[in-house]
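Fold and geometry: a report
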Amino acid sequence: MRRSDATLFTSRETDGWENDTVQLAVRAGLVRQFGSGLFGFTPTGERVRQNLIHRIRAEMNAIGGQAVSLPSLQYSGVWKQSGRWGSFEGEMFTFENREGQAMCLAPSHEEGIVHLVEGTVRSYEDAPLLLYQVERKHRDDHPRNGLLRTKEFTMKDAYSLHATEASLDEYYARVREAYCRIFDAVGLDFVVVDASNSVMGGSTSEEFIAPVETGSEELVYCETGGCRVGVTDESPDTSLSEGDTCPDCGATLVAGEGIEVGHVFKLGTRYSDPADLTLDMADGSKRLVQMGSYGIGVERLLHTLVEQHGDDTGLRWPVTDRGSVAPYAVSIIPLEYEGSLATAADYIYNACGRDEVLLFDDDDQTIGERFAESDLLGIPRKVVLGNHFRETGMVELESRDGETRFVAPEAVSDVVSG
């Protein structure tokens, strides 16, 4: 995109926010607040959000997930059937429609997925089945910590249905491994902790917790790369303490704070039993469906990446072997947009793919302002065209971390995509 065509929503008005992460997200123009617990995403923020969703969808599809879409607006019937109407920790938005019927904005979709498959998933041959969606959820939570606790948010929620507990165990492990790949792909540092099932019900659950400076949970964890050991103050088993030896790798555990970015549950028959959702087995018997539930908070994930990798100069979206979720892959910064510099800038712009590039062609900005804005947005690479290009025909390719190399304009697209 050309900078002259882009509306970036960057802002210097960041006073009054509760933590530095929210200030940085606002300053970088990712979000705007619409009231307590409500945020809207700008074009820049939506590009990052969609990049995250794309990686989540790709991994869910790779393990056999099928995408669905369930309504957020629901009647009370399925919730009363499951026993969760009025007991969702006071966080469910409930109201009556004009006909006096009780309705809600769904805080989760276990009941909805049961209703979706009723009458269709009937036989053991129809299972296992993994269904997922990336949709809005609503909870009347107490807003705090920016995008971590909001009244409306996006979740990737998945649900698996099985004829046996062994099949549920297999899919639980499959989704758990997929979550690790998702978080590794976006450059998130995280651990996996045992957790309580609470209002969700079921037998087993685990949380994916990202260590941060300012989080929502107390965390004891192993800092060794690739080691996922950790416990929170809410874990059922909190026997590990700061200074203990990691049971997996032998390193010393440290204490800090963390943010939950994902959660996986073995629900068993918690939701199939009240709905009498059964499968016809090969021996002629009927068996209640075994279920699993798996969630990732999209905005939570975005917030956490900003928390882990942002600094005073701006965002720093990690670059992994799967690329980056940054709003643009590369920025093109000419000393001035005219003559041979403009010609070369346009060539690189077209070669790299216009949708992934931010070309600074706005004459109202100084070269310093262009550099600062690119860093604020966290764009992983800059292509700089200045006097060195005029003298040698080579452009300067600079990473967000300040590493530089000089390449021919014709080579930039291969370097950026590689």
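A brief structural summary. Remember, it's a predicted structure, so these values are computed and weren't measured experimentally.

1. Description of helix H1 (residues 20-27)
For H1, the full list of buried residues reads Thr21, Val22, Leu24, Ala25 and Val26. Against the buried residues of H1 lie strand E1 (31-33), helix H7 (298-309) and helix H9 (367-377). Backbone geometry just downstream of H1 places Gly29 in the positive-phi region, at approximately 75°.

2. Comments concerning the state of the cysteines
Taken as a whole, this structure holds zero disulfides when the rule is applied. In this structure Cys227 is a free cysteine whose sulfur lies 3.6 Å from that of Cys246, the closest cysteine sulfur available. For Cys227, a relative accessible area of 10% gives the class buried.

3. Focus: the packing of helix H2 (residues 43-62) against helix H5 (residues 165-185)
When two helices pack together, you describe them by how their axes are tilted relative to each other and by the distance separating the axes. Contact geometry for H2 and H5: axes closest at 10 Å, N-to-C directions at 150°. In this view, H2 runs roughly antiparallel relative to H5, as classed from their interaxial angle. Between H2 and H5 lies a crossing of right-handed hand. In this structure, H2 uses Arg55, Ile56, Glu59 and Met60 to contact H5, whose residues at the interface are Ala178, Tyr179, Arg181 and Ile182. Broken down by class, the residue content of the contact of H2 with H5 amounts to five nonpolar, no polar and three charged.

4. Some thoughts on the sheet that holds strand E5 (residues 93-96)
Across a sheet, paired strands are connected by hydrogen bonds in the backbone, their directions being either parallel or antiparallel. Taken in spatial order, the three strands make up an open sheet running E4-E6-E5, and their pairing is antiparallel. Each of the sheet's edge strands pairs with one partner strand only, and the pair in question is strand E4 (73-75) and E5. Averaged over all neighbouring strand pairs, the angle between strand axes comes to 30°, with direction disregarded. Here three bridges tie E4 to strand E6 (residues 102-105), and the two strands are oriented antiparallel to one another. In the strand pairing of E6, Tyr75 is matched with Met103.

5. Here we look at the packing of aromatic side chains
Tallied over the entire structure, the rule returns six aromatic pairs. Geometrically, the ring pair formed by Tyr179 and Phe208 is tilted, given 5.4 Å between the ring centres and 55° between the ring planes. With Tyr179 in helix H5 and Phe208 in strand E10 (residues 204-212), the pair connects residues that are 29 residues apart, well separated along the chain. Using a relative accessible area of 0% as the deciding quantity, one classes Tyr179 as buried. Aromatic side chains Phe183 and Phe208 sit 5.6 Å apart centroid to centroid with 55° between the ring planes, which places their arrangement in the tilted category. Residue Phe183 is found in helix H5, and its partner Phe208 is found in strand E10; the two are separated by 25 residues along the sequence. When sorted by exposure, Phe183 lands in the same class as Phe208, which is buried. An aromatic cluster is built from Tyr179, Phe183, Phe190 and Phe208, whose rings are joined through pairwise contacts. One cation-aromatic arrangement involves Arg228 over Phe190; the distance from NZ or CZ to the ring centre is 3.8 Å. Cation over ring: Arg270 sits above Tyr271, and NZ or CZ is 4.6 Å from the ring centre.

6. Focus: the pattern of salt bridges
Summed over the entire model, instances satisfying the criterion amount to 27 salt bridges. Residues Glu206 and Arg176 are paired through a salt bridge, measuring 2.9 Å at the closest nitrogen-oxygen approach. Of this pair, Glu206 sits in strand E10 while Arg176 sits in helix H5, and the two are 30 residues apart along the sequence. Residue Glu206 is classed as buried on the basis of its relative accessible area of 12%. Classification of Arg176 as partly exposed rests on a relative accessible area of 26%. Note that Asp311 and Arg316 form a salt bridge whose closest N and O atoms lie 2.4 Å from each other. Among the residues examined, Asp311 registers a relative accessible area of 28% and is labelled partly exposed. Three or more residues joined by partner-sharing salt bridges are found here, namely Asp311, Arg316, Asp375, Lys382, Glu398, Arg400 and Asp401.

What counts, and where the lines are drawn
Residues numbered from 1 in each chain as written. Predicted model: local features only at pLDDT ≥ 70, side-chain atom pairs only at ≥ 80, totals over all residues. Heavy atoms only, no water. Buried < 20%, exposed > 50% of the residue type's maximum accessible area, 1.4 Å probe, protein only. Helix = DSSP H or I, 4+ residues; strand = E, 2+ residues; numbered from the N terminus. Contact = heavy atoms within 4.5 Å. Disulfide = S-S within 2.5 Å. Axes fitted to C-alpha atoms, helices over the stretch in contact; angles between N-to-C directions. Parallel < 35°, antiparallel > 145°, perpendicular 65-115°, else oblique. Left-handed = near helix turned anticlockwise from the far one by under 90°. Nonpolar A, V, L, I, M, F, W, Y, C, P; charged D, E, K, R; others polar. Pairing = 2+ DSSP bridges. Phe/Tyr/Trp six-rings, centres within 6.5 Å; stacked < 30°, edge-to-face > 60°. Lys NZ or Arg CZ within 6 Å of the ring centre and 35° of its normal. Salt bridge = Lys/Arg side-chain N within 4 Å of Asp/Glu carboxyl O.

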